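Coordinate analysis (summary)
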Amino acid sequence: MNEAAPTLLRDVVVYLAAAVVLVPLFVRFKLGAVLGYLAAGILIGPSVLGLVGNAEATLHFAEFGVVLLLFVIGLELQPSRLWALRRDIFGLGAAQVILCGLALTGLLLVMTRFTWAAALVVGLPLGLSSTALVMQLLNERQLAATPFGERSFSMLLFQDLAIVPLLTVIAALSRAPVANPEPGWVMAAKTVGALAFLVAVGRWVLPRVFRIIGTLGAREAFVAAALLSVLGSALLMASLGLSMALGAFVAGVMLAESPYRHALETDIEPF
């Protein structure tokens, strides 16, 4: 028997046991499921009990949860509604990233011996938030559909879009030589091209694919096609060094007006 299989199985059992014990406990005391998951990870991780290791591999696997979450959120946002949020996305979102990034940069300059370039490189990324954590908290408190929740989501979406200019700034300020450095305009062009490709596929190709599978009545194939849509869009963005969650979100938005939207949401949400 493969020795890795029992180890993986044991780790999965530990993950589930920690979640089953701590998450309901945190929810019972109104601390939220997110803090329960964080506490469970800290407790079983190598820094405390050491019940599981290889945190890097776990991190890569856990990123798929964020990807699936953003796809489901995209399914609930029709393109017209997303267009109505454009001012919040590019107004509030840009203000949050710039102001928080500059504030943290100034704090680092005061409290450390960083140069202004190093402080900026560290401060700007620290001004970003975790989409998974914030959206989970908003859903738990039933705030996602409120004006406050929509503005919060708008800022989170802009943060995903801000990855490209942030990478350009970091590359420009880096003192380390970069092999075959890619100009910022090339990265921006790739991002726009990838998003346009996802929009085209999600609008004209995927609905027809789901229609064909739906008429055949192949339930398992429908679930597989749903997962393929999410992971395929994520893979495209990851291959360009961009946010996987952003690709899944765009795919979800393009399918938000599909007659199979509720079926897709039902299939993907448990994952």
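Heads up: these notes are all about the structure in this document.

Basis of the calculations
- Counting restarts for each chain, with residues numbered from 1 along the sequence as it is written.
- Where local features are concerned, this predicted model is filtered to residues with pLDDT of at least 70; where side-chain atom pairs are given and counted, the filter is 80 or more; whole-chain, interface and lining totals use all residues.
- Hydrogens and water are ignored here; the side-chain numbers use all heavy atoms of the structure.
- In this analysis an axis means a line fitted to C-alpha atoms, helices contributing only their contacting stretch, and an angle means the value between N-to-C directions, from 0 to 180 degrees.
- Think of it this way: any DSSP run of H or I at least four residues long counts as a helix, any run of E at least two long counts as a strand, and we number them from the N terminus.
- Oblique is the label for any angle not covered by the other classes, which are roughly parallel (under 35 degrees), roughly antiparallel (over 145) and roughly perpendicular (65 to 115).
- The contact criterion used throughout is that any non-hydrogen atoms of two residues lie within 4.5 Å.
- Each residue is assigned to one of three groups, with Ala, Val, Leu, Ile, Met, Phe, Trp, Tyr, Cys and Pro labelled nonpolar, Asp, Glu, Lys and Arg labelled charged, and all others, Gly among them, labelled polar.
- Rotating anticlockwise by less than a right angle from the far helix to the near helix defines a left-handed crossing, while the corresponding clockwise rotation defines a right-handed one.
- Definition of a polar contact: a pair of N or O atoms within 3.5 Å, with one able to donate and the other able to accept a hydrogen when the atoms are protein atoms, and with sequence-neighbouring residues admitted only if both atoms are side-chain atoms.
- Aromatic rings from Phe, Tyr and Trp, with only the six-membered ring used for Trp, were paired whenever their centres fell within 6.5 Å, and each pair was classed as stacked if the ring planes differed by under 30 degrees, edge-to-face if by over 60, and tilted otherwise.
- For the exposure calls, accessible area comes from a 1.4 Å probe over protein chains only, and a residue counts as buried if that area is under 20% of its type's maximum, exposed if over 50%, partly exposed in between.
- Salt bridges are counted wherever a side-chain nitrogen of Lys or Arg sits within 4 Å of a carboxyl oxygen of Asp or Glu.

This part is about the packing of helix H7 (residues 131-140) against helix H8 (residues 147-161). One way to put it is that H7 packs onto H8 with a least axis distance of 11 Å and a crossing angle of 170 degrees. Here H7 lies roughly antiparallel to H8, going by the angle between them. Across the interface between the two elements, Thr-131, Val-134, Met-135 and Leu-138 from H7 touch Phe-148, Gly-149, Ser-152, Phe-153, Leu-156 and Asp-160 from H8. Looking at the contact of H7 with H8 residue by residue, the classes come out as six nonpolar, three polar and one charged.

Now for the packing of helix H3 (residues 55-75) against helix H12 (residues 244-254). Where H3 contacts H12, the two axes come as close as 7 Å, and the packing angle between them is 25 degrees. For the element pair H3 / H12, the angle class is roughly parallel. In this structure, H3 crosses over H12, and the sense of that crossing is right-handed. Judged by residue contacts, Glu-63, Val-66, Val-67, Leu-70, Phe-71, Ile-73, Gly-74 and Leu-75 of H3 engage Met-244, Ala-245, Ala-248, Phe-249, Ala-251, Gly-252 and Val-253 from H12.

On to the side chain of Asp-11, then. The topology assignment puts Asp-11 in helix H1 (residues 4-28). For Asp-11, the side chain forms a polar contact with the side chain of Arg-10, separated by 3.2 Å.

Looking now at the packing of aromatic side chains. Throughout the structure, instances matching the rule amount to four aromatic pairs. When the centroid spacing of 5.3 Å and the interplanar angle of 55 degrees are considered together, the rings of Phe-153 and Phe-249 count as tilted. With Phe-153 in helix H8 and Phe-249 in helix H12, the pair connects residues that are 96 residues apart, well separated along the chain. Centroid distance Phe-210 to Phe-222: 5.2 Å. Interplanar angle 55 degrees. Geometry classified as tilted. Taken together, the positions of Phe-210 in helix H10 (residues 184-216) and Phe-222 in helix H11 (residues 219-239) put the pair twelve residues apart, joining distant regions of the chain. Phe-222 shares its class with Phe-210; the two are buried.

Bringing the pattern of salt bridges into the picture now. Within the structure shown, the criterion is met by three salt bridges. Measuring nitrogen to oxygen at the nearest pair gives 2.5 Å for the salt bridge that ties Arg-219 to Asp-267. Placement of Arg-219 in helix H11 and of Asp-267 in helix H13 (residues 261-268) is noted, with a sequence separation of 48 residues between them.

Moving on to the environment of Leu-22. Note on placement: Leu-22 falls in helix H1. Look at Leu-22 and you get buried, because its relative accessible area is 14%. Sequence separation of Leu-22 and Ala-39 is 17 residues, and the distance between their C-alpha atoms is 7.5 Å. Non-local contacts of Leu-22, meaning those with residues more than four positions away in its chain, are made with Gly-36, Ala-39, Ala-40 and Leu-43.

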